[in-house]
Amino acid sequence: MTTESTETTTVRLAARVERMGTEAAFRVFARARALETEGRDIIHLEMGEPDFPTPDFIKDACRTALADGHTGYAPAGGLPALREAIAADVAASRGIPVDPQQVVITPGGKPVIFFTYMALVERGDEVIYPDPGFPIFESMTDALGAVRVPWHPGSGTETRPDIDRLASLMTDRTKLLVLNSPGNPTGIVHNKQEIEQIAALCRERDLVVLSDEIYSRILFGGEHVSIAAEPGMANRTIILDGFSKTWSMTGWRLGYAVAPHAIAPVFEKLMTNSNSCAVHFVQHAALAALRGPREPIDAMVEAFRERRDALVDGLNALPGVTCDRPEGSFFAFADVRGTGLDADVLAGRLLEETGVACVQGPAFGAGGAGRIRFSFAAGVERIQEAVARMRALLAP
Ligand SMILES: Cc1ncc(COP(=O)(O)O)c(C=O)c1O
């Protein structure tokens, strides 16, 4: 006889975690994996991660760090040598002076979002964030009881961001502006003129900016312009960046913030309270990444460009589908309204019926209605196969 416990426990969760959202890409990934275990052939275009291996020289540096015994705690803010190397790298790439004390090493870029909100946002504050955008910006706004102020960041070459609209959303209650360029999911890259205009608004309104620049090296032309480099912005901008995308190191969990002097020590305190430190030997591997050759990054970006063109051309040739050509990141954000199918329904059918894993646009906010995000996380042949499967579903 089996005995089952009939005991029930009532756990009263804090309202902030009840309000918190999540990331649909992880849910789609789990479902895709489940279908694979049933023997289905799945084309993975759902996750925001490069499918390239981490370069060997980085793995070698990690092995050496382990062999050398770098397995204990590291300082909460990160290894001094890595903070210095990041400061030099960010100074060179953004054209601004960066003091290593402004750099805080975190386990991935994501904690920088968490920490920024924890450090700055209080109940009732207004947060302006990109919508469609990375879902964590909205989730954290909700979690802290702040007020959602979504702003459409533009979706690429065809649709530029509406700066007048952004200005109209700023009020005396605005606490934080979140920017993400190159952007997920739209691939928008804010140009110099747009960044100048946004910086002027921030100075006028005395706003702090979280500038998520995790895709800054994945550009298909043009240049990355950091708002931190605009006059008067360095002391009000937190740059989020990291190793996940640029060096194909998503699972290593290593990112960083470059924060104003008034904020960086708060991030260190948040590190002490949450993680103690980022993984010690991984920080040595990251140091090797920064000191190492740039060819692997260039090769990855070239491969992404080829895939982007195959995917965007393929999508635009499908009945009822249009897609802007992203200028950066590795996402295509297709408009599927012309198919007559709801984006959630279509994304679900693409996975279940054709084995193409992708993420429905509304998972990136209300601004993603009628869209589906495809990441370039598969080679050109697999992308062409995915487009062929979509065609079979849409125009049987
Ligand atoms: C816009 C954006 N910011 C931050 C992150 C988080 O990156 P990490 O894996 O380094 O935490 C992602 C990852 O998907 C992202 O798309």
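Here the structure is a predicted model, which means the values were calculated and not measured. (Residues numbered from 1 in each chain as written. Predicted model: local features only at pLDDT ≥ 70, side-chain atom pairs only at ≥ 80, totals over all residues.)

With domains assigned, the protein is organised as domain 1 (15-53 + 295-394) and domain 2 (71-291). Of note, the centres of domain 1 and domain 2, computed from C-alpha atoms alone, are 25 Å apart. Taken together, the 34 residues of domain 1 in the interface contact 34 residues of domain 2. Per-element tally for the side of domain 1 that touches domain 2: the top contributor is helix 11 (residues 295-316), with five residues. Here the side of domain 1 that touches domain 2 is composed, by residue class, of 15 nonpolar, eight polar and eleven charged. (Domains from an automatic or database assignment. Contact = placed C-beta atoms within 7 Å. Helix = DSSP H or I, 4+ residues; strand = E, 2+ residues; numbered from the N terminus. Nonpolar A, V, L, I, M, F, W, Y, C, P; charged D, E, K, R; others polar.)

Spatial strand order, 2-8-7-6-5-3-4: seven strands in an open sheet with mixed pairing. The strands lining the two open edges of the sheet, one partner per strand, are strand 2 (103-106) and strand 4 (147-151). Neighbouring strand axes in the sheet, compared pairwise and without regard to direction, differ in orientation by 20° on average. Sheet analysis places strand 5 (residues 174-180) next to strand 6 (residues 208-212), joined by five bridges and oriented parallel. Bridge pairing in strand 6 places Leu179 opposite Ser211. Together, strand 2, strand 5, strand 6, strand 7 (237-242) and strand 8 (255-258) form the strand contacts of helix 5 (residues 110-120), whose direction differs from that of strand 7 by roughly 160°. Lying over the sheet, helix 6 (residues 135-143) contacts strand 3 (126-130), strand 4 and strand 5, oriented at roughly 165° with respect to strand 3. (Pairing = 2+ DSSP bridges. Axes fitted to C-alpha atoms, helices over the stretch in contact; angles between N-to-C directions.)

All right, on to the pairing of strand 9 (residues 331-335) then. In summary, the side chains of a regular strand alternate between the two faces of the sheet. Judged by how many residues are buried, strand 9 sits mostly within the fold: five of five residues are covered. Neither face of strand 9 is exposed, since Phe331, Phe333 and Asp335 on one face and Ala332 and Ala334 on the opposite face are all buried. (Buried ≥ 20, exposed ≤ 12 C-beta atoms within 10 Å, placed from the backbone.)

By size, the foremost hydrophobic cluster in this structure holds 113 residues, and its most contacted members are Ala257 and Ala285. Built from parts of two domains, this core gets at least three residues from each of domain 1 (15-53 + 295-394) and domain 2 (71-291). Ignoring sequence-local partners within four residues, the contact set of Ala257 consists of Val104, Thr106, Val112, Phe115, Ile238, Ile239, Leu240 and Phe267. (Core = buried A, V, L, I, M, F, W, Y, C linked by C-beta atoms within 7 Å.)

Our focus in this paragraph is the site of the ligand. Near the ligand, the surroundings consist of 13 residues, among which Gly48, Gly108, Gly109, Lys110 and Ser244 are the closest. A class-by-class count of the residues in the shell around the ligand yields two nonpolar, nine polar and two charged. (Near = placed C-beta within 6 Å.)

Another aspect to go through is the sheet that holds strand 11 (residues 359-360). Pairing is antiparallel in the open sheet, where three strands are placed in the order 9-12-11. Bordering the open sheet on either side are strand 9 and strand 11, each of which pairs with just one other strand. As paired elements, strand 9 and strand 12 (residues 371-375) share five bridges and run antiparallel to each other. Across the sheet, residue Phe331 finds its bridge partner in strand 12, namely Ser375. Relative to strand 9, helix 11 is tilted by about 5°, and along the sheet it contacts strand 9 and strand 12.

Another point: the packing of helix 5 against helix 6. Two elements in contact, helix 5 and helix 6, have axes whose closest approach is 10 Å; the angle formed by their N-to-C orientations is 30°. As judged from the angle between their axes, helix 5 and helix 6 are roughly parallel. Helix 5 and helix 6 meet at a crossing whose hand is right-handed. Residues Lys110, Ile113, Phe114 and Tyr117 of helix 5 form the contact with helix 6, whose own contacting residues are Ile136, Phe137 and Met140. Taken together, the residues of the contact of helix 5 with helix 6 break down into six nonpolar, no polar and one charged. (Parallel < 35°, antiparallel > 145°, perpendicular 65-115°, else oblique. Left-handed = near helix turned anticlockwise from the far one by under 90°.)

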